Amino acid sequence: MAVFPAVSLILVTISINYCRSQLVVDFTLPSTENYLELYSTSLVHYRNADYQRTQLYTELALADKRYRDVMLFKCYQRCSDQGSQKSQQLFFLSLVNEEKCTRKCMKKLFGQPLQLPLWAIKDFKFRKPYSFLQYSYYQLGDLTSAYEAALINLKYNRDSEMMQGNVKFYSKKVKDKSRMLPHELPDSVDEFNMGVTSYMKLDYAAATHHLNQSLSLYIEETKKCKIRCATGYDEYVDKKQPDLNDTSTFQDQFVRLYQEVMECRYKCLGKHDKMVPDLSEDYLPKLLNYLQFSAYQINDIVFAHQIASEYLSLNSGDQTMTNNLKYFAEQLESAPESYTILRDLIEENKLDMEVLSAIVGKKEIRKRLKDKQNYVLGDMGLVSELNPDKNILWRNSY
């Protein structure tokens, strides 16, 4: 019996040669300025066409922001084992201990929280500093570094026609991409794209390596994204305090605040979808589909079985994958253990959706999922129809 991929596998990718293998977290700024001050200074220099100083201060701002993000996660990890969730009282005790411990850790490292204007929050979220950085590098004649900065900005701003044009321009000018020194480590999407490139070349060993890396990074990135939904240190200057008036109850206020947290966690599940162009289905099922077939091609049947099984936990109605899993099982003496880390994340995602459903109502959840089948959450009791394009032969899948 032949094993087939579950969907048509056509994807336009961007390949980047990454040279840095690890993130340096002990970076020390040569001044007491934080990333907001450094970035504001870089914008002043940019408006004055002083690209040398723009490049310098933007680099420092990005480095400081990365360092704070790394340390926030480390502070949270150090504090997250305090308390328990066996009861409501212990849950809140755990919440208070984690919050106080995390803030104490961050205050010791950075002093008082920054008061961030909304424009700065958005700029760093969508990697706007890289837009100024690429133009500064261009003005300084360093097209290779400009190209790398432009690629990062474009990944977070797919609809930017200006940056699309810049990337196209740099791609024609920069022939030796090995000289690129990335500002950011490869993420799940980068490894996914490299995996798909290898897959299309029928290099299944390389594809399995990159796609497995992509999956590991996806799990890590999703967890960190969810943590940031409820944990932070720097503050938005115009934030609104809860309206704890005489008519409001603690339960009411807590549910409203917790809804914001759950809405944020919900968005974490779809953030990768927006970073891959021409994606025909949700990111995680697409990744698992590539990975199970690549693992099969290199005769890693145990891993192929594990991945196919997790795919079906997201899309139980997929007949092609069901047939694949049956075939894998027939090749093994016993069923392998589940891919624990991924299974735990999928179960956590489903629990998140149950909580959000309890807050906003099942009708609203069904409305959200109507055009997003298996939004990294499984069927969730929804009736789904098989996509006829999924029942295709491998030789016709290009």
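Small disclaimer: the values here were computed from a predicted structure and weren't measured. (Residues numbered from 1 in each chain as written. Predicted model: local features only at pLDDT ≥ 70, side-chain atom pairs only at ≥ 80, totals over all residues. Heavy atoms only, no water.)

Focus on the overall build of the protein
The cut-off we apply is this: Only DSSP runs of H or I covering at least 4 residues are called helices, and only runs of E covering at least 2 are called strands; the numbering of each starts at the N terminus. Each residue's exposure class comes from its accessible area (1.4 Å probe, protein chains only) as a fraction of the maximum for that residue type: buried when under 20%, exposed when over 50%, partly exposed otherwise. In what follows, a contact means two residues having at least one pair of non-hydrogen atoms within 4.5 Å. Every accessible area reported is derived by Shrake-Rupley at a probe size of 1.4 Å, with residue values counting cover from the shown protein chains alone.
Broken down by element type, the protein carries 15 helices and two strands. Counting all 398 residues of the protein, 46% fall into the buried class. In the protein, once contacts between residues fewer than 6 apart in sequence are set aside, the share between residues at least 24 apart is 79%. Accessible area of the protein: about 21600 Å², with a carbon and sulfur share of 51%.

Examining unusual backbone geometry
Positioned with a positive phi, alanine 49 is a non-glycine residue whose angle comes to about 60°. Take alanine 49: it is sitting in the loop between helix H1 (35-47) and helix H2 (51-79). On the accessibility criterion, alanine 49 (44% relative accessible area) is partly exposed. In this structure, leucine 202 takes a positive phi of about 65° despite not being glycine. In this fold, leucine 202 is placed in the loop between helix H8 (188-200) and helix H9 (204-230). Assessed through its relative accessible area of 45%, leucine 202 is described here as partly exposed.

Quick look at the state of the cysteines
Quick note on the threshold: Counting rule for disulfides: a pair of cysteine sulfur atoms within 2.5 Å.
A complete count under the given rule lists three disulfides for this structure. Two residues, cysteine 75 and cysteine 105, share a disulfide whose sulfurs are 2.1 Å apart. The S-S bond linking cysteine 75 to cysteine 105 shows a torsion near -60°; that makes this disulfide left-handed. Here the residue cysteine 75 occupies a position in helix H2, and cysteine 105 occupies one in helix H3 (residues 88-110), the gap between them amounting to 30 residues.

What is shown is where atoms sit, not what they do.
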